[in-house]
Amino acid sequence: MSTTEPGLPPAAAPAVPPTAAKAKPKAPAKPKAAPITPIVPGATVAGRALIAVVAIMTFLAALTIGSVMAVRTTAGAWRSDVTREVTIQIRAGDKAVTDGQVRTAVDLARQTPGIAEAHVLTDEETSRLLEPWLGAGLDYSDLPVPRIVVLRLDATTPPDLAKLRRTLTDRIPTAALDDHRTWSRRLGAMAEGVMLTGFALVALVGAATVLSVVFATRAAVATNRAVVEVLHFVGARDGFIAAQFQRHFLKIGTQGGLLGGLAAAGLFGVLISLPRFGFETDPENPTILSWLDPGWLGFGGIALAVVVIALVTAITSRITVYRTLRTIT
């Protein structure tokens, strides 16, 4: 028998509060993937030491390359200046006679095709030429100093210097024509010798870098030999293992190469900028800092040295790892 009275609707079921609804179970959180440990640890004392060694080797190589290019550029400029000029020397004698011989030599030079200019050095200019050997402040009036006539050649139409020499000898027995060929050859030989020596030093630096990388790679393989043997025995290819070491040493070579190359380039940049800060040199008495400018070719050689050393470091480590893996059986 129903307890509800007739004519009344049935009682509504009580509403269930939202908090009473059954909560859905959460999905289990995925475990975080463990970081992949590289075969060759990156930050080690040996790695930092190798970076320092590569940086020093790169600095020495870049310094040598920049100096060689500076010598090459300077020697080329000197040879160009020397080959554009010849000199006529007239032995000193009676002043009136010597002055007449000087005028005759100048007239003969100006009449020769290919001579652009003839300039007789004054007593002051001659004194400056003799100062490095005899010192300054001396009276040269009593010394038998020869008179010098500087002839500037026309680059488009070279003169017949042999004919001019014969004419001078016939007209002025005390005159001598010097075309500086011997000096130019000696200067060229000196520049070539310096360049060969510089390239030999760069080769020695490269050999020392290769040996350092070989020893460092063998030490790294020996330190991680257990890991390398496990990878080798489970079927990892030698190329995969070698690539891990190659990537590691390429990073080391790049860091060390950049440090050494930037240090050398910065040193040359400071030397080039010295005149801008008031450290100007006397053009008549140049110092070593006045010509030590490698130029764009020198800076390009420094950049090339950085790239080559980084590649040599990586390739050397790869070859060393391959040879080491062959000993694992």
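Before reading on, note that the structure itself is shown above.
Residues numbered from 1 in each chain as written. Predicted model: local features only at pLDDT ≥ 70, side-chain atom pairs only at ≥ 80, totals over all residues. Heavy atoms only, no water.

Let's shift gears to the overall build of the protein. Of the regular secondary structure elements, the protein holds nine helices and four strands. Residues classed as buried in the protein amount to 32% of the 329 residues present. Taking contacts inside the protein between residues at least 6 apart in sequence as the whole, the part at least 24 apart equals 85%. Of the accessible surface of the protein, which amounts to about 21,700 Å², a share of 64% is contributed by carbon and sulfur atoms. (Helix = DSSP H or I, 4+ residues; strand = E, 2+ residues; numbered from the N terminus. Buried < 20%, exposed > 50% of the residue type's maximum accessible area, 1.4 Å probe, protein only. Contact = heavy atoms within 4.5 Å. Areas by Shrake-Rupley, 256 points an atom, 1.4 Å probe, with all protein chains shown as cover.)

Turning our eyes to something else, we now look at a nonpolar patch on the surface. Residues L250, V307, L311, I315 and I319 make up a contiguous nonpolar surface patch of about 420 Å² in total accessible area. Mapped onto the secondary structure, I319 falls in helix α9 (residues 295–325). Taking the relative accessible area as the measure of exposure, I319 reaches 43% and is therefore partly exposed. (Patch = residues over 30% accessible without salt bridge, like charges linked within 9 Å, V, L, I, M, F, W, Y side chains within 5 Å. Salt bridge = Lys/Arg side-chain N within 4 Å of Asp/Glu carboxyl O.)

Our focus in this paragraph is the environment of A118. Tracing the backbone through its elements, the reader meets A118 in strand β2 (residues 115–120). A C-alpha to C-alpha distance of 6.6 Å links A118 and V149, two positions 31 residues apart in sequence. When sequence neighbours within four positions are dropped, the list of residues in contact with A118 reads V106, A109, R110, V149, V150 and L151.

Turning next to the nonpolar core. Ranked by size, the top nonpolar core spans 19 residues in total, and within it I88, V149, L151, L168 and L177 carry the most contacts. Going through the elements one at a time, β1 (85–90), α2 (95–110), β2, β3 (147–153), α4 (161–171) and β4 (175–178) are the ones with two or more residues in this core. Per element, the largest residue contribution to this core is five residues, and it comes from α2. If near-sequence neighbours (up to four positions away) are discounted, I88 is found in contact with A105, R147, I148, V149, L151, L168, A175, A176 and L177. Formed by 14 residues, the second largest nonpolar core is a distinct cluster that contains V54, I241, F245 and I252. (Core = buried A, V, L, I, M, F, W, Y, C linked by side-chain atoms within 4.5 Å.)

Looking now at the side chain of Q244. Examined against the element boundaries, Q244 turns out to sit in helix α7 (residues 238–273). Side chain to side chain, Q244 and R247 meet in a polar contact 3.3 Å long. (Polar contact = N/O pair within 3.5 Å; in protein donor to acceptor, adjacent residues only side chain to side chain.)

The side-chain alternation of β4 yields one buried face, formed by A175 and L177, and one unburied face, formed by A176 and D178. Where β1 lies against β4, four bridges are found, and the strand directions are antiparallel. Within β4, the residue paired with I88 across the bridge is L177. (Pairing = 2+ DSSP bridges.)

Time to look at the environment of S80. With respect to the secondary-structure elements, S80 resides in helix α1 (residues 45–83). On the basis of relative accessible area, S80 is assigned to the partly exposed category, the value being 28%. A C-alpha to C-alpha distance of 9.0 Å links S80 and S184, two positions 104 residues apart in sequence.

Within this structure, the stated rule accounts for four salt bridges. Two residues, D99 and K95, come together in a salt bridge whose shortest N-O distance is 3.1 Å. Taken together, the residues span about one helical turn, with D99 and K95 both in helix α2 at a distance of four residues. Between R147 and D99 there is a salt bridge whose closest N-O contact spans 2.9 Å. Of the two residues, R147 sits in strand β3 while D99 sits in helix α2, which places them 48 residues apart along the sequence.

Moving on, we get to the sheet that holds β1. The four strands lie next to each other as β2-β3-β1-β4, forming an open sheet whose pairing is antiparallel. Looking at which strands have only one partner, the edges of the open sheet turn out to be β2 and β4. Each strand axis lies, on average, 20° off the axis of its neighbour in the sheet, ignoring direction. As paired elements, β2 and β3 share five bridges and run antiparallel to each other. Looking at the pairing, I115 lines up with L153 of β3. (Axes fitted to C-alpha atoms, helices over the stretch in contact; angles between N-to-C directions.)

Within β3, five of the seven residues are buried, which leaves it mostly tucked inside the rest of the structure. As judged from the six bridges shared by β1 and β3, these two strands associate in the antiparallel manner. Its bridge partner lying in β3, E85 is registered against R152.

The next thing to look at is the environment of F59. With respect to the element layout, F59 can be found in helix α1. Judged by its relative accessible area of 25%, F59 falls in the partly exposed class. Here the alpha-carbon distance between F59 and L262, two residues 203 residues apart in the chain, equals 8.1 Å. Aside from chain neighbours lying at most four places away, what touches F59 is G260, A263, A264 and L267.

Time to look at the side chain of T316. You can see T316 is positioned in helix α9. A distance of 2.6 Å separates a polar side-chain atom of T316 from the backbone oxygen of V312. If sequence neighbours within four positions are ignored, T316 has contacts with V210, V213 and V214.

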